[in-house]
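Observations on chain architecture
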Amino acid sequence: GGGMRTSTTRPSHRAQSATRALRAPASTEGMAKSLLRFLDASPSPFHAAAQCATRLRAAGYQELKESDAWNLSCGGKYFTMRNGSTLLAFAVGNKYEPGNGVCAIGAHTDSPCPKLKPISTQSKCGVKQLAVQPYGGGLWYTWFDRDLGLAGRMLVRDKSRENADAKKLKHVLVHVDRPILRIPTLAIHLDRDVNSAGFKVDFQKHMPAVLAGDDPAGSNGNQVLENGMPKQHWALLECLAREAGCAAEDIADMELQLCDTVPGALGGLNEEFVFCGRLDNLCMSYLAIESLIDVTKSHEDLEEESTIRFVSLFDHEEVGSCSAQGAGSTVMMDTLRRIAAALGGSQEGAVERCLQNSLLVSADMAHAHHPNYMDRHEPEHAPIINKGVVIKHNANQRYATNSMSALLFREVARENALPIQEFVVRSDMACGSTIGPIIASNSGMLTVDVGIPQLSMHSVREMCGVKDVDTTFEHFRYLYKDFARLMKMVRGQS
């Protein structure tokens, strides 16, 4: 193997008692199967956030609008959304006092993909195509010769009886999960050197997706709609209208992306792997939400709690997080300030004291050691699939982990006999980054970067380990339960 050191230490007697109390899984089936259902229903950030909101509502969480006044109370469970693609959820302990800390798990809802251009109409060589633009740094060659659909958000004019003047717009999520699109490769007979010279994707030339024959039955051509919608294939608008239950002429605007139509699956001889797109980073988003729901199921879960249990899922991480709903925006600090104000935090330094007593777990998928490219990992820091969640380190602050945050997260594993791994990039390779350093620099929160190891990151189809999904879920649950005690330990407080 790769010489990776993993640790699973014997828990203390005290930790064993806590383990027995919490060990029962949230479901009789493994987390991986429920993760797959979530992934299949989340082809876009809008769908992912909506799926999380549905789960939170079912668990008794109250939705808060950013534009409304907030009335919060200790023991309450809440969530808020921005742009329909970023979601923040939190549960307030019954013994919370202004200045007490927050235990937050942060992840992101977006993944690299081709997105439709505002004017997507193309017709060449007897076929209609959709023009697309790259979102994030995808392995674009993996999108070729796949059965592709479309997903995202549409703005639809509401012509219901209650809105006869049709001036109101509805936000409608659409998911065409049948193979209406394909990006075909060029036959090897016309590109004899492709296997030796390599396939270099020119996104502008190679990525427009085939939609239909040039004049399908019933098409009205490429007309521009009277409502000012940029020019789209009418056949596409009719398809989207059928999915959304509206008329094609009522579609006012859209934000759509291509998506794979093949469902996720458990794979490997013993079904020890998860095969699916968007594992980066919907896998961590799902585990964050499910662990929060699990540790706030009953009134007793928050009765003795003195902190706030928090999840933040951001859009636009794959393109730098600099947007109104990205991790670089005001959304997290806005939420924390409003919580402090609503819970009587008008006293001096309530927000600042809260932040200094808080922890952010920046949860983003990690790079597993690849059996065919073993030289790409640092010896002794090469995470293995199904050997546990990974703590990420980088001296140049591409990850925000430091000794205190790493010890706190590692201690959860030690006390509960959970596997843990460590990662640092090779010194001769560039290191990626996460939301961790962004939020840490904006808030001053103690931060640890972690993630489940995976292969094929940023491919249309990725893979990770079933055991890692289960053990990371447990790790997050124990972290929420023991955060207040562990935070005092790393701060050197009694």
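Cut-offs and rules
- Residues numbered from 1 in each chain as written.
- Predicted model: local features only at pLDDT ≥ 70, side-chain atom pairs only at ≥ 80, totals over all residues.
- Heavy atoms only, no water.
- Core = buried A, V, L, I, M, F, W, Y, C linked by side-chain atoms within 4.5 Å.
- Buried < 20%, exposed > 50% of the residue type's maximum accessible area, 1.4 Å probe, protein only.
- Helix = DSSP H or I, 4+ residues; strand = E, 2+ residues; numbered from the N terminus.
- Contact = heavy atoms within 4.5 Å.
- Pairing = 2+ DSSP bridges.
- Axes fitted to C-alpha atoms, helices over the stretch in contact; angles between N-to-C directions.
- 1 Å grid on protein atoms, 1.4 Å probe; cavity = no way out; pocket = protein on both sides within 12 Å on 5 of 7 lines; lining within 4 Å.
- Points joined across faces, edges and corners; volume = space filled by probe spheres on them.
- Nonpolar A, V, L, I, M, F, W, Y, C, P; charged D, E, K, R; others polar.
- Salt bridge = Lys/Arg side-chain N within 4 Å of Asp/Glu carboxyl O.

Counting residues in each nonpolar core, the largest one holds 66 residues, and the members touching the most others are L87, L287, V361 and F409. Ranked by residue count, the leading element in this core is helix α13 (residues 466-490), at 11 residues. With residues near it in sequence (within four places) discarded, L287 still touches M31, I452, V469, T472, F473 and F476. Among the nonpolar cores identified, the runner-up in size contains 34 residues, and W140, F144, V172 and M254 belong to it.

Moving on, we get to the sheet that holds strand β13 (residues 308-314). The strand order β1-β2-β3-β13-β4-β14-β18-β16-β17 describes an open sheet built from 9 strands, whose pairing is mixed. Each edge of the open sheet is held by one strand with a lone partner, namely β1 (62-64) and β17 (420-424). The sheet shows a mean angle of 25° between the axes of neighbouring strands, direction not considered. Sheet topology places strand β16 (residues 389-393) next to β17; 5 bridges connect them, and they run parallel. Its bridge partner being in β17, K392 is matched across the sheet by F423.

Further remarks concern the environment of G432. Tracing the backbone shows G432 in the loop between β17 and α12 (435-443). When its relative accessible area of 40% is taken as the criterion, G432 is described as partly exposed. Here the alpha-carbon distance between G432 and Y399, two residues 33 residues apart in the chain, equals 8.2 Å. When neighbours within four sequence positions are excluded, G432 is seen to be in contact with R398 and Y399.

Attention now moves to the layout of surface pockets. Considered as a void within the structure, the largest pocket measures approximately 990 Å³ in volume. Lining the largest pocket are 36 residues, with L139, H367, S456, M457 and H458 positioned closest to its centre. Among the elements of the structure, β15 (366-367), β17 and β19 (453-455) are those that each provide at least two residues to the lining of the largest pocket. Residue composition of the lining of the largest pocket, grouped by class: 15 nonpolar, 13 polar and 8 charged.

Once that is clear, we can look at the side chain of E290. Along the chain, the position of E290 falls in helix α7 (residues 279-294). By relative accessible area, E290 is classed as buried at 16%. The residues touching E290, leaving out its near neighbours within four places in the chain, are M31, R55 and F473.

Moving on, we get to the sheet that holds β15. Paired through their backbone hydrogen bonds, the strands of a sheet run either parallel or antiparallel. As summarised here, the arrangement of the 5 strands in space is β11-β12-β20-β19-β15, forming an open sheet in which the pairing is mixed. Every other strand in the sheet has two partners, leaving β11 (265-267) and β15 as the edge strands with one partner each. When strand β12 (residues 273-276) meets strand β20 (residues 462-465), the two strands line up antiparallel, connected through 4 bridges. Across the sheet, C276 pairs through a bridge with E462, a residue of β20. Helix α2 (residues 31-40) rests against β11 and β12 of the sheet, and its axis sits at about 5° to β12. Along the sheet, α7 makes contact with β12, β19 and β20, crossing β20 at roughly 35°.

Inspection of the entire model under this criterion finds 20 salt bridges. For R477, the salt bridge goes to D294, with nearest N and O atoms at 2.8 Å. Here the residue R477 occupies a position in helix α13, and D294 occupies one in helix α7, the gap between them amounting to 183 residues. By relative accessible area, which is 2% here, R477 ends up buried. Here D375 and R376 are joined by a salt bridge, their closest N and O atoms 3.8 Å apart. Residue D375 is classed as exposed on the basis of its relative accessible area, which comes to 52%. One salt-bridge network, in which partners are shared between bridges, spans R57, E63 and K65.

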